[in-house]
Amino acid sequence: MAKRSKVPAKRSPAAPKAPKVGAGELLTLFDYLRYAVSRFNAAKLVFAHGTTDPVAEAAFLICETLHLHPDQFENFATARVTIAEGKQILDLIERRIATRKPAAYLVNKVYMRGLPFYVDERTIVPRSFIGELLDSHFGGDEDGTSLIGDPEEVGSVLDLCTGSGCLAILAARHFANAAVDAVDISKDALEVAARNVTDHGLDDRLTLYRGDLFKPLGDNSYDLIISNPPYVDAEGMAALPRECRAEPKIAFDGGTDGLDIVRRLLDEARQHLTPQGGLLCEIGRGRDNLEAAYPNLPLLWLDTEDSEGEVFWIAAADL
(Lines give C-alpha, C1' and ligand atoms only; values in the text may rest on other atoms or scores of the structure.)
Protein backbone atom coordinates (compact mmCIF):
# COMPACT_ATOMS: atom_id res chain seq x y z
CA MET A 1 0.00 0.00 0.00
CA ALA A 2 1.15 3.49 -0.72
CA LYS A 3 2.13 5.47 2.35
CA ARG A 4 -0.09 8.34 3.30
CA SER A 5 1.61 11.67 3.36
CA LYS A 6 1.62 13.21 6.81
CA VAL A 7 -0.44 16.34 7.27
CA PRO A 8 1.44 18.84 9.40
CA ALA A 9 -0.26 19.40 12.74
CA LYS A 10 -2.02 22.70 13.01
CA ARG A 11 -0.15 24.97 15.37
CA SER A 12 -1.60 27.63 17.59
CA PRO A 13 -0.58 31.14 16.62
CA ALA A 14 2.64 32.16 18.31
CA ALA A 15 2.20 34.55 21.22
CA PRO A 16 3.42 38.08 20.57
CA LYS A 17 7.02 38.40 21.67
CA ALA A 18 7.35 40.03 25.07
CA PRO A 19 8.55 43.63 24.74
CA LYS A 20 11.60 44.58 26.74
CA VAL A 21 10.64 46.58 29.81
CA GLY A 22 13.26 49.09 30.86
CA ALA A 23 14.15 49.87 34.45
CA GLY A 24 11.80 52.43 35.95
CA GLU A 25 9.23 52.24 33.13
CA LEU A 26 6.69 50.38 35.28
CA LEU A 27 6.42 51.60 38.86
CA THR A 28 3.01 51.13 40.45
CA LEU A 29 0.46 48.33 40.63
CA PHE A 30 -1.60 50.33 38.15
CA ASP A 31 1.35 50.40 35.74
CA TYR A 32 1.71 46.63 35.87
CA LEU A 33 -2.05 46.20 35.53
CA ARG A 34 -2.14 48.24 32.34
CA TYR A 35 0.88 46.41 30.93
CA ALA A 36 -0.61 42.99 31.72
CA VAL A 37 -3.98 43.85 30.14
CA SER A 38 -2.22 45.02 26.97
CA ARG A 39 -0.20 41.79 26.80
CA PHE A 40 -3.26 39.61 27.44
CA ASN A 41 -5.30 41.41 24.77
CA ALA A 42 -2.49 41.09 22.22
CA ALA A 43 -2.20 37.36 22.97
CA LYS A 44 -6.00 36.87 22.70
CA LEU A 45 -6.24 34.94 25.95
CA VAL A 46 -9.51 33.40 27.11
CA PHE A 47 -10.89 34.18 30.57
CA ALA A 48 -13.38 31.89 32.28
CA HIS A 49 -11.55 30.44 35.27
CA GLY A 50 -12.35 32.55 38.29
CA THR A 51 -11.89 35.80 36.37
CA THR A 52 -14.01 36.95 33.45
CA ASP A 53 -11.86 39.60 31.75
CA PRO A 54 -8.22 40.66 31.32
CA VAL A 55 -8.42 43.42 33.94
CA ALA A 56 -9.67 41.10 36.68
CA GLU A 57 -7.14 38.43 35.75
CA ALA A 58 -4.24 40.89 35.72
CA ALA A 59 -5.27 42.25 39.13
CA PHE A 60 -5.55 38.69 40.46
CA LEU A 61 -2.05 37.71 39.31
CA ILE A 62 -0.49 40.93 40.56
CA CYS A 63 -2.12 40.54 43.97
CA GLU A 64 -1.04 36.91 44.25
CA THR A 65 2.55 37.89 43.52
CA LEU A 66 2.41 40.58 46.19
CA HIS A 67 0.54 38.44 48.74
CA LEU A 68 -2.53 40.64 48.67
CA HIS A 69 -6.20 39.68 48.56
CA PRO A 70 -7.75 40.76 45.22
CA ASP A 71 -10.07 43.08 47.13
CA GLN A 72 -7.01 45.01 48.29
CA PHE A 73 -5.83 46.01 44.82
CA GLU A 74 -7.45 49.44 44.85
CA ASN A 75 -5.98 50.21 48.28
CA PHE A 76 -2.46 49.79 46.90
CA ALA A 77 -3.02 50.66 43.24
CA THR A 78 -0.69 53.67 43.32
CA ALA A 79 1.93 52.01 45.53
CA ARG A 80 5.30 51.30 43.95
CA VAL A 81 6.52 47.79 43.27
CA THR A 82 10.07 46.72 44.12
CA ILE A 83 12.43 45.59 41.35
CA ALA A 84 12.27 41.98 42.57
CA GLU A 85 8.47 42.06 42.78
CA GLY A 86 8.23 43.61 39.34
CA LYS A 87 10.32 40.83 37.84
CA GLN A 88 8.06 38.21 39.44
CA ILE A 89 4.96 39.91 38.06
CA LEU A 90 6.39 40.14 34.54
CA ASP A 91 7.49 36.49 34.65
CA LEU A 92 3.99 35.42 35.68
CA ILE A 93 2.38 37.49 32.92
CA GLU A 94 4.58 35.82 30.32
CA ARG A 95 3.96 32.34 31.75
CA ARG A 96 0.22 32.92 31.43
CA ILE A 97 0.67 33.84 27.78
CA ALA A 98 3.21 31.15 26.89
CA THR A 99 1.45 28.21 28.56
CA ARG A 100 -2.19 29.33 28.03
CA LYS A 101 -2.91 27.62 31.34
CA PRO A 102 -5.63 29.05 33.59
CA ALA A 103 -4.15 31.63 35.95
CA ALA A 104 -5.37 29.60 38.92
CA TYR A 105 -3.03 26.76 37.97
CA LEU A 106 -0.05 29.11 37.81
CA VAL A 107 -0.54 30.31 41.39
CA ASN A 108 -2.44 27.28 42.77
CA LYS A 109 -5.28 29.40 44.03
CA VAL A 110 -8.76 30.56 43.16
CA TYR A 111 -11.26 32.71 45.05
CA MET A 112 -14.95 31.92 45.39
CA ARG A 113 -17.21 34.28 47.33
CA GLY A 114 -14.03 35.97 48.57
CA LEU A 115 -12.54 32.78 50.04
CA PRO A 116 -9.25 31.27 48.82
CA PHE A 117 -9.08 27.64 47.66
CA TYR A 118 -6.15 25.52 46.52
CA VAL A 119 -6.35 24.22 42.96
CA ASP A 120 -4.07 22.43 40.49
CA GLU A 121 -4.29 20.42 37.28
CA ARG A 122 -5.88 17.45 39.05
CA THR A 123 -9.22 19.21 39.12
CA ILE A 124 -11.23 21.72 37.11
CA VAL A 125 -10.83 25.35 38.08
CA PRO A 126 -14.06 26.12 39.99
CA ARG A 127 -16.25 28.94 38.63
CA SER A 128 -19.79 27.92 39.58
CA PHE A 129 -22.73 30.28 40.06
CA ILE A 130 -24.08 28.11 42.87
CA GLY A 131 -22.02 29.83 45.56
CA GLU A 132 -23.77 33.13 44.82
CA LEU A 133 -27.17 31.43 44.79
CA LEU A 134 -26.60 29.91 48.23
CA ASP A 135 -26.31 33.45 49.55
CA SER A 136 -29.16 34.96 47.52
CA HIS A 137 -31.79 32.19 47.62
CA PHE A 138 -31.08 30.11 50.72
CA GLY A 139 -31.08 32.67 53.51
CA GLY A 140 -33.63 33.40 56.20
CA ASP A 141 -37.22 33.58 55.07
CA GLU A 142 -37.88 37.15 56.19
CA ASP A 143 -38.21 38.43 52.63
CA GLY A 144 -39.94 35.30 51.32
CA THR A 145 -37.18 34.47 48.78
CA SER A 146 -35.61 31.47 50.51
CA LEU A 147 -36.15 28.22 48.64
CA ILE A 148 -35.55 25.97 51.63
CA GLY A 149 -36.58 27.84 54.78
CA ASP A 150 -34.26 28.60 57.69
CA PRO A 151 -30.64 27.68 56.82
CA GLU A 152 -30.04 26.74 60.45
CA GLU A 153 -32.60 23.96 60.09
CA VAL A 154 -30.80 22.34 57.17
CA GLY A 155 -29.22 19.24 58.65
CA SER A 156 -27.67 17.55 55.63
CA VAL A 157 -26.25 18.67 52.28
CA LEU A 158 -24.83 16.66 49.38
CA ASP A 159 -22.48 18.04 46.72
CA LEU A 160 -22.21 15.79 43.67
CA CYS A 161 -19.26 16.12 41.24
CA THR A 162 -17.49 18.13 43.93
CA GLY A 163 -14.13 18.54 42.16
CA SER A 164 -11.93 20.67 44.41
CA GLY A 165 -14.61 20.73 47.10
CA CYS A 166 -15.29 24.47 46.90
CA LEU A 167 -19.08 24.29 46.71
CA ALA A 168 -19.25 21.73 49.51
CA ILE A 169 -17.14 24.02 51.69
CA LEU A 170 -19.27 27.06 50.87
CA ALA A 171 -22.37 25.01 51.70
CA ALA A 172 -20.86 23.92 55.03
CA ARG A 173 -20.15 27.54 55.92
CA HIS A 174 -23.62 28.68 54.83
CA PHE A 175 -25.56 25.92 56.57
CA ALA A 176 -23.87 26.03 59.95
CA ASN A 177 -25.66 23.00 61.42
CA ALA A 178 -25.45 20.72 58.40
CA ALA A 179 -23.35 17.65 57.88
CA VAL A 180 -22.04 17.82 54.31
CA ASP A 181 -21.18 14.90 52.03
CA ALA A 182 -19.29 15.43 48.77
CA VAL A 183 -18.79 12.91 45.96
CA ASP A 184 -16.52 12.74 42.94
CA ILE A 185 -15.48 9.92 40.65
CA SER A 186 -11.93 11.26 40.36
CA LYS A 187 -9.33 10.19 42.95
CA ASP A 188 -7.12 13.11 41.88
CA ALA A 189 -9.88 15.67 42.37
CA LEU A 190 -10.69 14.29 45.82
CA GLU A 191 -7.06 14.71 46.87
CA VAL A 192 -7.38 18.41 46.09
CA ALA A 193 -10.76 18.55 47.84
CA ALA A 194 -9.30 16.92 50.97
CA ARG A 195 -6.64 19.60 51.16
CA ASN A 196 -9.26 22.35 50.91
CA VAL A 197 -11.48 20.71 53.53
CA THR A 198 -8.56 20.64 55.96
CA ASP A 199 -7.46 24.18 55.09
CA HIS A 200 -10.95 25.43 55.98
CA GLY A 201 -11.14 23.44 59.20
CA LEU A 202 -14.09 21.28 58.16
CA ASP A 203 -12.77 17.73 58.57
CA ASP A 204 -15.33 17.08 61.32
CA ARG A 205 -18.34 18.21 59.24
CA LEU A 206 -17.52 17.42 55.62
CA THR A 207 -17.06 13.86 54.36
CA LEU A 208 -15.63 13.02 50.94
CA TYR A 209 -16.68 9.95 48.97
CA ARG A 210 -15.24 8.51 45.80
CA GLY A 211 -17.75 7.03 43.40
CA ASP A 212 -20.28 7.49 40.62
CA LEU A 213 -22.91 10.01 41.77
CA PHE A 214 -25.19 8.44 44.42
CA LYS A 215 -23.61 4.96 44.40
CA PRO A 216 -21.24 5.36 47.39
CA LEU A 217 -23.98 6.88 49.58
CA GLY A 218 -26.30 3.93 50.15
CA ASP A 219 -29.75 5.07 51.29
CA ASN A 220 -28.63 8.44 52.67
CA SER A 221 -31.11 11.31 52.27
CA TYR A 222 -30.38 15.04 52.25
CA ASP A 223 -32.18 18.32 52.82
CA LEU A 224 -30.31 19.83 49.87
CA ILE A 225 -28.42 18.40 46.90
CA ILE A 226 -26.20 20.71 44.88
CA SER A 227 -24.27 19.85 41.74
CA ASN A 228 -22.17 21.48 39.07
CA PRO A 229 -21.75 18.38 36.88
CA PRO A 230 -20.06 17.95 33.50
CA TYR A 231 -22.49 19.59 31.06
CA VAL A 232 -20.57 20.64 27.95
CA ASP A 233 -22.16 19.19 24.80
CA ALA A 234 -20.28 17.68 21.86
CA GLU A 235 -20.23 20.96 19.95
CA GLY A 236 -18.84 22.78 22.97
CA MET A 237 -16.22 20.11 23.62
CA ALA A 238 -14.93 20.47 20.06
CA ALA A 239 -14.61 24.22 20.52
CA LEU A 240 -12.99 24.33 23.97
CA PRO A 241 -10.29 27.01 24.13
CA ARG A 242 -6.73 26.05 24.92
CA GLU A 243 -7.07 27.22 28.52
CA CYS A 244 -9.92 24.76 29.11
CA ARG A 245 -8.00 21.94 27.47
CA ALA A 246 -5.50 22.21 30.31
CA GLU A 247 -8.26 21.04 32.67
CA PRO A 248 -9.47 17.43 33.15
CA LYS A 249 -11.72 16.46 30.24
CA ILE A 250 -13.93 14.36 32.51
CA ALA A 251 -15.01 17.51 34.33
CA PHE A 252 -16.47 19.01 31.12
CA ASP A 253 -17.84 16.23 28.93
CA GLY A 254 -21.61 15.89 29.30
CA GLY A 255 -22.20 13.76 26.22
CA THR A 256 -23.81 14.62 22.90
CA ASP A 257 -26.34 17.11 24.27
CA GLY A 258 -24.54 17.86 27.53
CA LEU A 259 -27.19 16.16 29.68
CA ASP A 260 -25.80 12.67 30.32
CA ILE A 261 -25.10 13.33 34.01
CA VAL A 262 -27.97 15.78 34.49
CA ARG A 263 -30.53 13.15 33.40
CA ARG A 264 -29.18 10.74 36.00
CA LEU A 265 -29.37 13.42 38.68
CA LEU A 266 -33.02 14.14 37.91
CA ASP A 267 -33.93 10.48 37.68
CA GLU A 268 -32.21 9.47 40.94
CA ALA A 269 -32.31 12.54 43.21
CA ARG A 270 -35.81 11.95 44.62
CA GLN A 271 -34.61 8.76 46.34
CA HIS A 272 -31.97 10.78 48.22
CA LEU A 273 -33.95 13.87 49.23
CA THR A 274 -35.95 14.50 52.37
CA PRO A 275 -39.61 15.46 51.69
CA GLN A 276 -38.90 19.20 52.09
CA GLY A 277 -35.58 19.09 50.22
CA GLY A 278 -34.59 19.98 46.70
CA LEU A 279 -31.98 19.85 43.95
CA LEU A 280 -29.89 22.85 42.82
CA CYS A 281 -28.03 22.11 39.60
CA GLU A 282 -25.93 24.11 37.13
CA ILE A 283 -26.15 23.14 33.44
CA GLY A 284 -24.62 25.98 31.44
CA ARG A 285 -26.33 26.52 28.10
CA GLY A 286 -28.39 23.32 28.28
CA ARG A 287 -31.72 24.85 29.29
CA ASP A 288 -33.49 24.29 25.95
CA ASN A 289 -32.34 20.67 25.74
CA LEU A 290 -33.36 19.99 29.33
CA GLU A 291 -36.82 21.53 28.98
CA ALA A 292 -37.37 19.52 25.81
CA ALA A 293 -36.33 16.31 27.56
CA TYR A 294 -38.44 16.99 30.70
CA PRO A 295 -41.35 19.15 29.50
CA ASN A 296 -43.48 18.41 32.57
CA LEU A 297 -40.93 19.16 35.26
CA PRO A 298 -41.57 22.51 37.03
CA LEU A 299 -37.96 23.69 36.92
CA LEU A 300 -37.29 27.07 38.52
CA TRP A 301 -34.50 28.88 36.67
CA LEU A 302 -32.31 31.12 38.81
CA ASP A 303 -30.26 34.06 37.56
CA THR A 304 -27.08 35.52 39.05
CA GLU A 305 -25.10 38.68 38.40
CA ASP A 306 -23.29 36.99 35.50
CA SER A 307 -25.75 34.34 34.28
CA GLU A 308 -29.31 33.84 33.09
CA GLY A 309 -31.03 30.48 33.13
CA GLU A 310 -27.93 28.37 33.76
CA VAL A 311 -28.95 26.96 37.15
CA PHE A 312 -32.22 25.29 38.05
CA TRP A 313 -33.97 24.39 41.29
CA ILE A 314 -36.57 21.70 41.74
CA ALA A 315 -38.21 20.63 44.99
CA ALA A 316 -38.24 16.97 46.01
CA ALA A 317 -42.03 16.90 45.82
CA ASP A 318 -41.89 17.86 42.13
CA LEU A 319 -39.42 15.19 41.04
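In what follows, the accompanying structure is described.

Basis of the calculations
- Residues numbered from 1 in each chain as written.
- Predicted model: local features only at pLDDT ≥ 70, side-chain atom pairs only at ≥ 80, totals over all residues.
- Heavy atoms only, no water.
- Helix = DSSP H or I, 4+ residues; strand = E, 2+ residues; numbered from the N terminus.
- Expected span 1.5 Å × (residues − 1).
- Buried < 20%, exposed > 50% of the residue type's maximum accessible area, 1.4 Å probe, protein only.
- Contact = heavy atoms within 4.5 Å.
- Polar contact = N/O pair within 3.5 Å; in protein donor to acceptor, adjacent residues only side chain to side chain.
- Salt bridge = Lys/Arg side-chain N within 4 Å of Asp/Glu carboxyl O.
- Axes fitted to C-alpha atoms, helices over the stretch in contact; angles between N-to-C directions.
- Parallel < 35°, antiparallel > 145°, perpendicular 65-115°, else oblique.
- Left-handed = near helix turned anticlockwise from the far one by under 90°.
- Nonpolar A, V, L, I, M, F, W, Y, C, P; charged D, E, K, R; others polar.
- Pairing = 2+ DSSP bridges.
- Phe/Tyr/Trp six-rings, centres within 6.5 Å; stacked < 30°, edge-to-face > 60°.

1. Some words on helix α1 (residues 29-43)
Part 1 of the reasoning: Here α1 contains 15 residues, and its C-alpha end-to-end distance of 21 Å stays within 8% of the 21 Å for a straight helix at 1.5 Å per residue.
Part 2 of the reasoning: Residues Leu29, Tyr32, Leu33, Tyr35, Ala36, Val37, Arg39, Phe40 and Ala43 constitute the buried set of α1.
Part 3 of the reasoning: In the core, the buried residues of α1 are packed alongside α2 (54-65), α3 (73-76) and α4 (83-99).

2. Things to note about the side chain of Ser186
Part 1 of the reasoning: Along the chain, Ser186 falls in the loop between β4 (179-184) and α8 (187-199).
Part 2 of the reasoning: The buried category is assigned to Ser186, whose relative accessible area is 17%.
Part 3 of the reasoning: A distance of 3.3 Å separates the side chain of Ser186 from the backbone nitrogen of Asp188, its partner in a polar contact.
Part 4 of the reasoning: Contacts of Ser186, omitting those with residues within four sequence positions, involve Arg122 and Arg210.

3. Here's the deal with the pattern of salt bridges
Part 1 of the reasoning: Counting across every chain of the model gives 19 salt bridges.
Part 2 of the reasoning: When the shortest N-O distance is used, the salt bridge between Asp212 and Lys215 registers 3.8 Å.
Part 3 of the reasoning: Asp212 sits in the partly exposed class, given a relative accessible area of 25%.
Part 4 of the reasoning: Of the charged contacts in the structure, one is a salt bridge between Arg285 and Asp233, with a shortest N-O distance of 2.8 Å.

4. Examining the packing of α1 against α4
Part 1 of the reasoning: Between α1 and α4, whose axes approach to 10 Å, the crossing angle comes to 15°. Considered as vectors, α1 and α4 are oriented roughly parallel to each other. Crossing of α1 over α4 shows right-handed handedness. For the pair α1 and α4, contact is made by Tyr32, Tyr35, Ala36, Arg39, Phe40 and Ala43 and by Gly86, Ile89, Leu90, Ile93, Glu94, Arg96 and Ile97, respectively.
Part 2 of the reasoning: For the contact of α1 with α4, a count of residues per class yields 9 nonpolar, 1 polar and 3 charged.

5. Concerning the sheet that holds strand β7 (residues 273-282)
Part 1 of the reasoning: Across the sheet, which stays open at both edges, the 7 strands sit in the order β5-β4-β3-β6-β7-β9-β8 with mixed pairing between neighbours. If you trace the sheet from one side to the other, it starts and ends with β5 (206-210) and β8 (300-304), each paired once. Within this sheet the neighbouring strands show an average axis-to-axis angle of 20°, counted without direction.
Part 2 of the reasoning: The pairing of β7 with strand β9 (residues 307-315) spans 5 bridges and is classified as antiparallel.

6. Considerations on the pairing of β8
Part 1 of the reasoning: Here 4 bridges tie β8 to β9, and the two strands are oriented antiparallel to one another. Opposite Leu302, over in β9, you have Val311 as the bridge partner.
Part 2 of the reasoning: Between β8 and β9, which pair antiparallel one after the other, the connecting turn spans 2 residues.

7. Remarks on the packing of α2 against α4
Part 1 of the reasoning: Where α2 meets α4, the closest approach of the two axes is 9 Å, and the angle between their N-to-C directions is 135°. Classified by the interaxial angle, the pair formed by α2 and α4 is oblique. Where α2 crosses over α4, the handedness of that crossing is right-handed. Contacts between α2 and α4 involve Glu57, Leu61, Ile62 and Thr65 from the former and Glu85, Gln88, Ile89, Leu92 and Arg96 from the latter.
Part 2 of the reasoning: Across the contact of α2 with α4, the residue classes tally to 4 nonpolar, 2 polar and 3 charged.

8. What to know about the packing of aromatic side chains
Part 1 of the reasoning: Across all of its chains, the model carries 6 aromatic pairs by this definition.
Part 2 of the reasoning: Taking 5.5 Å as the distance between ring centres and 70° as the angle between the ring planes, the aromatic pair formed by Phe138 and Trp313 counts as edge-to-face. Taken as a pair, Phe138 in the loop between α6 (130-137) and β3 (156-160) and Trp313 in strand β9 lie far apart in primary sequence, 175 residues in all.
Part 3 of the reasoning: Classification of Phe138 as buried rests on a relative accessible area of 0%.
Part 4 of the reasoning: Ring geometry for Trp301 against Phe312: centres 5.7 Å apart, planes inclined by 70°, an arrangement best described as edge-to-face. Here Trp301 is found in strand β8, whereas its partner Phe312 is found in strand β9, with 11 residues between them in sequence.

Any functional reading would require information beyond the geometric quantities listed.
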